[in-house]
Structures are given as structure tokens and as C-alpha cells.
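Each chain is listed here by its residues.
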Amino acid sequence: MAGRLSLPEEDLTCPICCTIFREPVVLKCTHSFCAACLQQYWAAKGRRRDCPLCRAQSVDEPVPSLTLRNLCESCVQEESHRAEEPEGELYCDPGEMCPVHREKLKLYCLVDKEPICVVCHTSRKHKQHDCCPVSEAVLDAKEKMKLAISCLQEKREAFDRMKKDCEDTVAHIQVQARFVERRTHEEFEKLHNFLREEEDSRMEALRREEEQKAGQMRQMIEEIEKNISSVSDTIRALEEEMALEDISVLQVNPYTRMGICAYPVMAPGALIDVASYVGSLTFQVWEKMQKMAKYTPVTLDPNTAAPWLLLSDDLTAVRDSDDKQRLPNNPERFDPDTAVLGRVGLASGKHAWEVNVGDNTAWVVGVAKESIKRKEKVSSVLSNGYLCVYFYHKMYFAGTSPLTRLNLKRNPQRIRVQLDCDKGKVSFYDPHSNAHIYTFKHGLTEAVFPYLWVGCQKCPLTVEPVEVSLKVPEFC
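Residues numbered from 1 in each chain as written. Predicted model: local features only at pLDDT ≥ 70, side-chain atom pairs only at ≥ 80, totals over all residues. Heavy atoms only, no water.

Per an unreviewed UniProt entry, the recorded name for the chain is Tripartite motif-containing protein 35-like, and the organism is Fundulus heteroclitus.

*Asks:* Can you walk me through the domain arrangement of the chain in this structure?
*Replies:* The figure often quoted for interface size is the accessible area lost as the parts come together. Domain annotation for the chain reports domain 1 (10–64), domain 2 (182–292) and domain 3 (309–464). Between domain 2 and domain 3, the C-alpha centre-to-centre distance is 64 Å. (Domains from an automatic or database assignment.)

*Asks:* Got a minute to help me understand the confidence of the model for the chain in this structure?
*Replies:* Any residue range with low pLDDT should be treated as having predicted coordinates unsuitable for detailed reading. Residues of the chain with pLDDT of at least 70 account for 91%, and the chain-wide mean is 86. In the model, residues 87–91 has pLDDT below 50 throughout and makes 14 contacts with residues more than four positions away in sequence or in other chains. (pLDDT = per-residue confidence, 0-100. Contact = heavy atoms within 4.5 Å.)

*Asks:* So what exactly am I meant to see when it comes to the packing of aromatic side chains here?
*Replies:* Taken as a whole and judged by the stated rule, the model has nine aromatic pairs. Measuring from ring centre to ring centre gives 6.2 Å for F283 and W286, while their planes differ by 90°; the resulting arrangement is edge-to-face. Within this pair, F283 and its partner W286 are both found in helix α7 (residues 281–289), separated by three residues, close to a single helical turn. F283 gets classed as partly exposed once you look at its relative accessible area, which sits at 29%. With a relative accessible area of 49%, W286 lands in the partly exposed category. Taken together, the aromatic side chains of F334, Y386 and Y451 make up a single cluster linked through ring pairs. The ring centre of F334 lies 5.8 Å from the NZ or CZ of R374, which sits over that ring. (Phe/Tyr/Trp six-rings, centres within 6.5 Å; stacked < 30°, edge-to-face > 60°. Helix = DSSP H or I, 4+ residues; strand = E, 2+ residues; numbered from the N terminus. Buried < 20%, exposed > 50% of the residue type's maximum accessible area, 1.4 Å probe, protein only. Lys NZ or Arg CZ within 6 Å of the ring centre and 35° of its normal.)

*Asks:* Looking at this structure, I do not really get the sheet that holds strand β5 (residues 114–116). What am I missing?
*Replies:* To summarise the sheet geometry, strands pair through backbone hydrogen bonds and adopt either a parallel or an antiparallel arrangement. Strand order across the open sheet formed by three strands is β5-β4-β6, with antiparallel pairing between neighbours. If you trace the sheet from one side to the other, it starts and ends with β5 and β6 (131–133), each paired once. Adjacent strand axes in the sheet meet at a mean angle of 35°, parallel and antiparallel pairs treated alike. As defined by bridge partners, strand β4 (residues 107–109) adjoins β5 across three bridges and the pair is classed as antiparallel. Residue pairing for β5: L107 is matched across the bridge by I116. Strands β4 and β6 of the sheet are contacted by helix α4 (residues 134–242), whose axis makes an angle of about 90° with β6. (Pairing = 2+ DSSP bridges. Axes fitted to C-alpha atoms, helices over the stretch in contact; angles between N-to-C directions.)

*Asks:* Please explain a nonpolar patch on the surface as it appears in this structure.
*Replies:* There is a patch of nonpolar side chains on the surface, built from I272, V274 and V278 and spanning about 240 Å² of accessible area. Tracing the sequence through the fold places I272 in the loop between α5 (254–258) and α6 (274–278). (Patch = residues over 30% accessible without salt bridge, like charges linked within 9 Å, V, L, I, M, F, W, Y side chains within 5 Å. Areas by Shrake-Rupley, 256 points an atom, 1.4 Å probe, with all protein chains shown as cover. Salt bridge = Lys/Arg side-chain N within 4 Å of Asp/Glu carboxyl O.)

*Asks:* Any chance you could explain the nonpolar core here in plain terms?
*Replies:* In summary, soluble globular proteins display a tendency toward joint burial of nonpolar side chains. Within the largest apolar cluster, 47 residues are counted, with the highest numbers of intra-cluster contacts made by W363, Y451 and L452. By size, the runner-up hydrophobic cluster in this structure holds 26 residues, among which are Y41, L71, C72 and L105. (Core = buried A, V, L, I, M, F, W, Y, C linked by side-chain atoms within 4.5 Å.)

Rendered as C-alpha cells:
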């Protein structure tokens, strides 16, 4: 244990009366005295107002030192308390003592940001520095620490939320992976079944043709065998008559017994048409596969779909729902707007697709620029990056600024979107009558994405598939 530390009183003693300061004042030269002692000293000097220690002339009135007075009062109280304490008992923590002057650190220098003693306050290093009691500085420090702790707690909570979001995202990624696995297996199983059925069909046709044409050959062989047997019998009869020695041989006419033998002739197409089975086999199967393969020009991107939307497994249809799904709030996703984008951005060339709106009572169809805001609920107008037509409250509009009311002769069940990126045109038609609905003529400086917004649960919005054909080049 550390030994007792005494508090020296030299720096708290008036140089004139040699006692603890009473109502201390400080001169411009930084020397301090009791106010009464200084006035008595100057009264004895007549008109001279110099410092009793350094003899520096003092023009200004001495300034009361409140800090020094408080320290002197504290020193007197401490001395009184110390006299009452048993000897050998610690009265001050060594860590609270000035390492230079061995005085208690009662002040805090606001300039140098460090605790100091009263002697340090009058020293050259801290001369004329603003100070405050250590207790006040401690309270200020604790307030700052409290504020820092509050900020750190908020930051920790933010990190906890981010961690939870990342964990939820990992779980969603696993769900997506299993969904892709299932869909991939299902689609390849369809292809496998188609190929197996096509192979079995071709093998069955080959077996039928083999049986048919082999049967025809067997019938021809049977007919030939009958002719061979008949000819053999005639030969034996002639050989027997030829062996006779009498005149009866002259009566035999061998040509009448030969008869008319018609030789069977193999008909054309008797062989299997091998070329029809193996010629361009892969292409023939591929061409036939078109009837079971479906192509949709726009595939919806589930990573952009609002949490209230439900997408079909083949990502071609979207409908609204009452329940908000627990999905990652990734930057691509619309929230709260109930919208979804196509998977591929379009920046050049011509493109077209049709959307079946059916009896849906609130929908928006068109394209949206890549730079649109996805975390705010905005109206689908041109100034916000949308080039769309929409149907709401039984009225049709074009998303211009301001809106353009569209007067259509019939309620279209489908909307065809025709996009010419190079000319910056987006046109809308009714496929049933090919009637023109509206055309945006707006230069495109960035990629646009097919855009669907649905506002009712009556029926989904569906991107219709298109027919695809294989063409063989023709030569003149």
C-alpha cells in the first residue's frame, strides 16, 4: 500500500502574511496575494503600486481569483479533516496527485485537455488557460461517454439487423437453389420423356417396317420354293422316261412338261428406308420438339418482384396477394410498389411481346429505365423513367407528364409492346384488332426493362409465348 501523501501549502500561502490566502487576488504578473495584505502593502508605499515579489508596476486593479479561493478553502477543510484522522491513514489517491507538484488534481485544463493542480494553473504551461473543476470535467466526460455508448448501441443494433438480413438472405438463396433444381429436373425430365418416347416411336416404326418387308420376302421365298419343287418333279419324270429303251420315248414331248415358269421379281421399296430413320436425325427430333417447347420473349425476374407479388413457376405470370412474403430487401427489389421487371435489359434492336391483362382492373404495362427508384412509391410517368400505359378506375392512360387520357373503342384483353431501341420508340397495340393505342417517342440513353405493375387479385398478368420455327436456307 502506498504511504501517506501530504498536501504542501507553500503555493497556497500569501507571501506577505505567510498564511493561507484569504480573499486572494492576482496581479498582471500572475503573483497572488491576500486582498487585504496587498492593499496594506500599497498603502505603506504611497502612490507606488508594484508587486511585492517581482516589483513589476501594476496599473490595473488586482483581479479576484475564485479558483484559488476555492482551493484555499478546500485546503483549510482538508487540514481540519486531516487533524481528526488517525495517523498513517491514506487521505488521497496517488493517482489524483500532480506528478510534478505533488498537489491534488482539482482543475481540468480545457485547452490541453488534462487534469492539473492549482500550481499548474499558475505555471507558464497553463497560464491564462480556461479551466474548470475536475468534478465538472468528469461529468462532461461521462455525458460524452454516455452519448458514445448510445451511438455504439444503435450501431450494434444496426449490425444485428444487417446480420439477420444476411442470414435471411442465405436462407432465401438456399430456397432459390432448391427451386431452380426442382424446375430444372422437371424441364429436363420432360425432355427426357420426349426423347424416350420419340426413340420408342422410331424403334416401333422400324420393327413394323422390318416385319412387313421381311414377311413379303418370306412369301416370295415360299412361292419360289413351290416352283423349285414343281420343276424338280418334272425333271425326275423326264429322267425316268428317258431311261426307257423302247419306242415310247418318241412319244414324249419334254417341252410340254416344262410349263411356263414365271420368275418372281422383287418390287421397289423392298428394303428398309434407312435414310428416313438416320438422315438428319438430330434435326428432325429438334424440329419436332418445337411443338412441346415453349418460348416466352420476356422472363420475369423474381429478384425484382415486390414482396406482395406471386410469380408462376415458369416466371411468365404475376398476380397480387394480401400477404407480404419474407424476402430479402435487395437493391433490385420493388418495395412498396407492386411491380416486377423482366430479366434482361434492352438497349439496342427491335423487340416485341404481348401481355395478357384479361379482366384485371388495375395494371401497368410497358418499360422502365434501369435508373428508376425502386424503394419509393412513385407514379408510372415519363419523368420518373417509365414509358407505360395503364388501366385504373376503368380508364386508360399513357404515362406522360401530365397524364394522357386514352379513349379506346374496346377493352383489350392483351397489350402488345413494340420497342425500337435505336429510334427510341415504344408503341402499344391491341393484338386482336391491331389497333394502335399509344407511342412514346423518347430517346433512350440507358437500358430499359419490361415492366409490369398489378393492383388487383382478380387475375394475373401473363406474358404470352410466341411461335418459333426452324428455317432451312434456300438456294437459287
